[in-house]
Amino acid sequence: MLKKYISIMRGAALAALLMCGASLAAQTTATGVINGTLVNKNGISIQFDTDPAGVTLGAAGTSAATANFGTVSAFGPLAAGVTRPSVTAANFTVRTFFDVQVIQGGLTSTTYTLTANLAAAAPTGLNYKVDAITLTTALQTIQINGAYHTDIAHNLDLVILTAAPGAGGPAVNTPITTTINFTATAN
Amino acid sequence: MKKVTLLTIFAALMMISSAAVAQTTASGTLTVTATVTGSINLVFNSDASGVALSSGAGTNAATLAFGNVSAFGAISAGIVRSTTATNFTVSSAVDVLVTKTNSVSANYSLTAQLGSVDAVNTWTVGGVGVTNAAAAPITATGTYGANSNFPVAITVPFTTASGTLISNTINYVATAN
């Protein structure tokens, strides 16, 4: 009788342990659904990149970059990435290259038009050209069929009069800074 | 009902109009900086009265070849010769053109110096003796933008063996005043 009682108790204890184990293994879960929505707005962006043949741009990869020709003269040495394609009695030209990349999303447009203008009148004795187009404060069309999502190289020329300062030539030995505004418009 | 229809049409037209005039544009700025400095440039040109430069005319690395010269024999056109009891001198006009840009400098100074020693012959540029020991001042008031003739002359002793090649380099330096 006692043995039977002990046996029953053992069985009860084992069952209790198994139930406890099952309880420990159980996970409490909950589920939910979030309905996310977005509005896909189309648009384009422009950025300036350093061209392998040009000067290294400051803030490359952004829409507000800087290009520094360094010290330039008609006959002296030039910085890396700057060339001097012409020297005449009246003026000389120094040239560098920069890349423009325009990215579009959500548009059916396949090309863009690039325009540029000087933010202010050119300093005395200097003219600025992009792809041989002389810039003014008025918008000038630089390219009408730019391809998206790729770097497109452009020439940037500074045409500098050889005249002395005060005689029509530019100021010397001081940095001369000009801002060029670019606008890309989806075609 | 008619009013609602009209309003719907009006709204649709407004949307179409808005889409038609909208342009997708992006803008950026490139700030460009340069520092202009004054500079001068020196080139050699053949002088009409002298020996034509055999190479490098219009550059800053030219060659003046007198050819065969002697104290008493025939002499090439463009060479001026003078003879003393112990030596003879051959001379040719050579033009130096110095150009300035972006500078208020009024004139330039010019010096010349032999590239290597010559213990036998005497060299002059513009009448000024030049050696390899130091740069000799040729002019202190050179005029920009005009060919200036600074004759190159070599005085050769009679003791020099026939067939001797005389060759040297003259280094010119123009400095803006």
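On a predicted model such as this, the values are computed, not experimentally measured, just so you know. (Residues numbered from 1 in each chain as written. Chains lettered and ligands numbered in written order. Predicted model: local features only at pLDDT ≥ 70, side-chain atom pairs only at ≥ 80, totals over all residues.)

1. Concerning the overall build of chain B
The condition that has to hold: Strands here mean DSSP runs of E at least two residues long; helices mean DSSP runs of H or I at least four residues long; both are numbered from the N terminus. To sort residues by burial, count the other C-beta atoms lying within 10 Å of each one's C-beta; a count of 20 or more means buried, 12 or fewer means exposed, and anything in between means partly exposed. C-beta atoms are built from the backbone. Whether two residues are in contact is decided by their C-beta atoms, placed from the backbone, lying within 7 Å.
Within chain B, the secondary structure is distributed over 1 helix and 12 strands. Ordering the α and β elements of chain B from the N terminus gives α-β-β-β-β-β-β-β-β-β-β-β-β. Buried positions account for 23% of the 177 residues belonging to chain B. Of the contacts formed within chain B by residues at least 6 apart in sequence, a portion of 67% connects residues at least 24 apart.

2. Quick look at the overall build of chain A
When you go through chain A residue by residue, the secondary structure sums to 1 helix and 10 strands. In chain A, the proportion of contacts linking residues at least 24 apart, taken out of those at least 6 apart, comes to 65%.

3. Observations concerning the interface of chain A and chain B
Stated formally: Note on residue classes: Ala, Val, Leu, Ile, Met, Phe, Trp, Tyr, Cys and Pro are nonpolar, Asp, Glu, Lys and Arg are charged, and everything else, Gly too, is polar. Note: two strands are recorded as paired if DSSP finds a minimum of 2 bridges between them.
At the junction of the two partners, chain A supplies 49 residues and chain B supplies 23 residues. For the side of chain A that touches chain B, the residue count by class is 28 nonpolar, 21 polar and no charged. As paired elements, strand 2 (residues 64–72) of chain A and strand 1 (residues 25–36) of chain B share 8 bridges and run parallel to each other. Its bridge partner being in strand 1 of chain B, A67(A) is matched across the sheet by V32(B).

4. With respect to the environment of G43(A)
Its place among the elements puts G43(A) in strand 1 (residues 43–50). For the pair G43(A) and T178(A), spaced 135 residues apart in sequence, the C-alpha separation works out to 28 Å.

5. Notes on the pairing of strand 10 (residues 175–186) of chain A
Relative to strand 10 of chain A, strand 5 (residues 111–118) of chain A is paired through 7 bridges, and the arrangement is antiparallel. Residue pairing across strands places A116(A) opposite F182(A), the latter belonging to strand 10 of chain A. Summarising the sheet, strand 10 of chain A and strand 1 of chain B pair through 11 bridges and their orientation is antiparallel. Bridging across to strand 1 of chain B, P175(A) finds its partner in T35(B).

6. Remarks on the confidence of the model for chain B
Residue and element names in this part refer to chain B. Our working rule: Confidence of the prediction at every residue is given by pLDDT, a number between 0 and 100.
Summing up the model confidence of chain B, the mean pLDDT is 91 and the portion of residues at 70 or higher is 87%. Contacts from residues 9–21, a stretch scored under 50 in pLDDT, to residues over four places away or in other chains number 0 contacts. Among the scores for the predicted complex, ipTM is 0.80 and pTM is 0.79.

7. Details of unusual backbone geometry
All names here are of chain A. The backbone of D131 shows a phi angle near 50°, a positive value even though the residue is not glycine. Position of D131 relative to the elements: it lies in the loop between strand 6 (126–130) and strand 7 (133–134). Residue class for D131 comes out partly exposed when judged on the 14 C-beta atoms lying within 10 Å of it. Phi is positive for A132, which is not a glycine, with a value near 70°. Within the secondary structure layout, A132 lies in the loop between strand 6 and strand 7. According to the C-beta neighbour criterion, A132 is exposed, with 8 such atoms within 10 Å.

8. Description of the sheet that holds strand 10 (residues 147–149) of chain B
Residue and element names in this part refer to chain B. For the record, the criterion: Note on geometry: axes are lines fitted to C-alpha atoms, helical ones only across the stretch in contact, with angles between N-to-C directions running from 0 to 180 degrees.
Ordered by their spatial adjacency, 3 strands build an open sheet running 2-5-10, and the pairing between neighbours is antiparallel. Each edge of the sheet is formed by a strand with only one pairing partner; in this case those strands are strand 2 (39–46) and strand 10. Taken over all neighbouring pairs, the strand axes of this sheet differ in orientation by 30° on average, direction set aside. As judged from the 8 bridges shared by strand 2 and strand 5 (residues 94–101), these two strands associate in the antiparallel manner. Across the sheet, the residue bridging to S46 is V94, located in strand 5.

9. Some words on the sheet that holds strand 5 of chain A
Pairing is mixed in the open sheet, where 5 strands are placed in the order 2(A)-1(B)-10(A)-5(A)-8(A). The sheet is open, and its two edges are formed by strand 2 and strand 8 (140–147) of chain A, each paired on a single side. Between one strand axis and the next, the sheet turns by 25° as a mean value, whatever way the strands run.

10. Describing the environment of S49(B)
Residue and element names in this part refer to chain B. Within the fold, S49 resides in the loop between strand 2 and strand 3 (79–83). For S49, a count of 13 C-beta atoms within 10 Å puts it in the partly exposed group. In this structure the C-alpha to C-alpha distance between S49 and V125, which are 76 residues apart in sequence, comes to 16 Å. Residues in contact with S49, not counting those within four places in the same chain, are G78 and A93.

11. As for the environment of N155(A)
Residue and element names in this part refer to chain A. Structurally, N155 can be placed in strand 9 (residues 152–161). Sequence separation between N155 and V94 is 61 residues, and the spatial gap between their C-alpha atoms is 10 Å. If sequence neighbours within four positions are ignored, N155 has contacts with R95, F97, V130, D131 and A132.

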